[in-house]
Amino acid sequence: MSGLDATPQAELLCESHSCQIAGMNGAIIQKETSLSDGIYAELKNRLILGYYRPGDRLSMRKLAVEFGTSPMPVREALKRLASEHAIESAAAKAFNVPRLSDKRAADLFDLRALLESAAVEAAHRAMTPDMLDELSALCERMDAHLKLRDFRAYMADNYRFHFLLYRKADNPDMVAMIEQLWMKSGPSLYQGFEKSDVANLDWNLGHKQLLDAIRHGHVSDFGAIMRKDIGWGAEFYRSEAGDV
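Here the structure is a predicted model, which is why all the values come from computation and not from measurement.

Enquirer: When you look at the packing of helix α4 (residues 102–122) against helix α6 (residues 151–166) in this model, what are you seeing that I'm missing?
Expert: One way to put it is that α4 packs onto α6 with a least axis distance of 8 Å and a crossing angle of 60°. Classified by the angle their axes make, α4 and α6 are oblique. Contacts between α4 and α6 involve Glu 116, Ala 119 and Val 120 from the former and His 162, Leu 165 and Tyr 166 from the latter. Residues of the contact of α4 with α6, tallied by class, amount to 4 nonpolar, 1 polar and 1 charged.

Enquirer: Just to check I follow, could you spell out empty space enclosed by the protein for this structure?
Expert: Where empty space is left can be seen by rolling a probe of water-molecule size over the atoms. By the definition in use, this model includes 3 cavities of 30 Å³ or more. Approximately 120 Å³ is the volume found for the largest cavity. Forming the walls of the largest cavity are Phe 109, Arg 112, Tyr 154, Asn 158, His 162, Leu 189, Phe 193, Trp 203, His 207, Asp 229, Ile 230 and Trp 232. At the level of elements, α4, α6, α7 (172–195) and α9 (222–241) are the ones that each hand at least two residues to the lining of the largest cavity. Within the lining of the largest cavity, the residues separate by chemical class into 7 nonpolar, 3 polar and 2 charged. Roughly 60 Å³ of volume is contained in the second largest cavity. Lining the second largest cavity we find His 85, Ala 86, Val 97, Pro 98, Leu 100, Arg 104, Met 183, Lys 184, Pro 187 and Ser 188. Considering every element that reaches the lining of the second largest cavity, the biggest residue donor is α7, with 4 residues. Class assignment for the residues of the lining of the second largest cavity results in 6 nonpolar, 2 polar and 2 charged.

Rules used in this analysis
Residues numbered from 1 in each chain as written. Predicted model: local features only at pLDDT ≥ 70, side-chain atom pairs only at ≥ 80, totals over all residues. Heavy atoms only, no water. Axes fitted to C-alpha atoms, helices over the stretch in contact; angles between N-to-C directions. Helix = DSSP H or I, 4+ residues; strand = E, 2+ residues; numbered from the N terminus. Parallel < 35°, antiparallel > 145°, perpendicular 65-115°, else oblique. Contact = heavy atoms within 4.5 Å. Nonpolar A, V, L, I, M, F, W, Y, C, P; charged D, E, K, R; others polar. 1 Å grid on protein atoms, 1.4 Å probe; cavity = no way out; pocket = protein on both sides within 12 Å on 5 of 7 lines; lining within 4 Å. Points joined across faces, edges and corners; volume = space filled by probe spheres on them.

The values reported here are purely geometric and, on their own, carry no functional implication.
Below you can see the structure in the form of structure tokens.
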């Protein structure tokens, strides 16, 4: 299946309505949920982390075989993603990953900057020394991933870094909205990394600056650093469209 060459075969283990999916990089998604919810969560992760590329076709039949289920829960998961505009309905019981225009991609990054700067500002009261240690370790790992041009590993740790912060904001609705934006931008973002001539360590600079501001208690700088960290995406796509 296109876009899944590095993705381990997903395995569904459902007992007493508890659904467990072994997803990318061995990550486990487990909760009391329907089978459709579990498939939705795995497909959402794949979109966020760029395992699917713009234009990829998601076949209901092939996904049902992969997950070892009937087509029905796969169809429900795909229709849910389509209702969130993360994928588009196509012919023959399939869906496509959208090819975003440069303008739409830039607009998504603008929205991300607005929400994510608010999330990190709201999270500051819940930050702990252990959390800072985890964020620091993620920064070091992201530098290593970039040097190796391992963009999938970079995107996975980038997600962990950002959402470790956002979930401390104690605002589930905001986190859900941010995740939807990541779903829509993930395939294009990974494709942009692939097209880059060099692995730019500056892509990790905003994380380091934010970590330094957290350590020194510079709460008033959190939002501006996050807006700058995400704003490069809008600038990149506007330059591609010739708007800057």
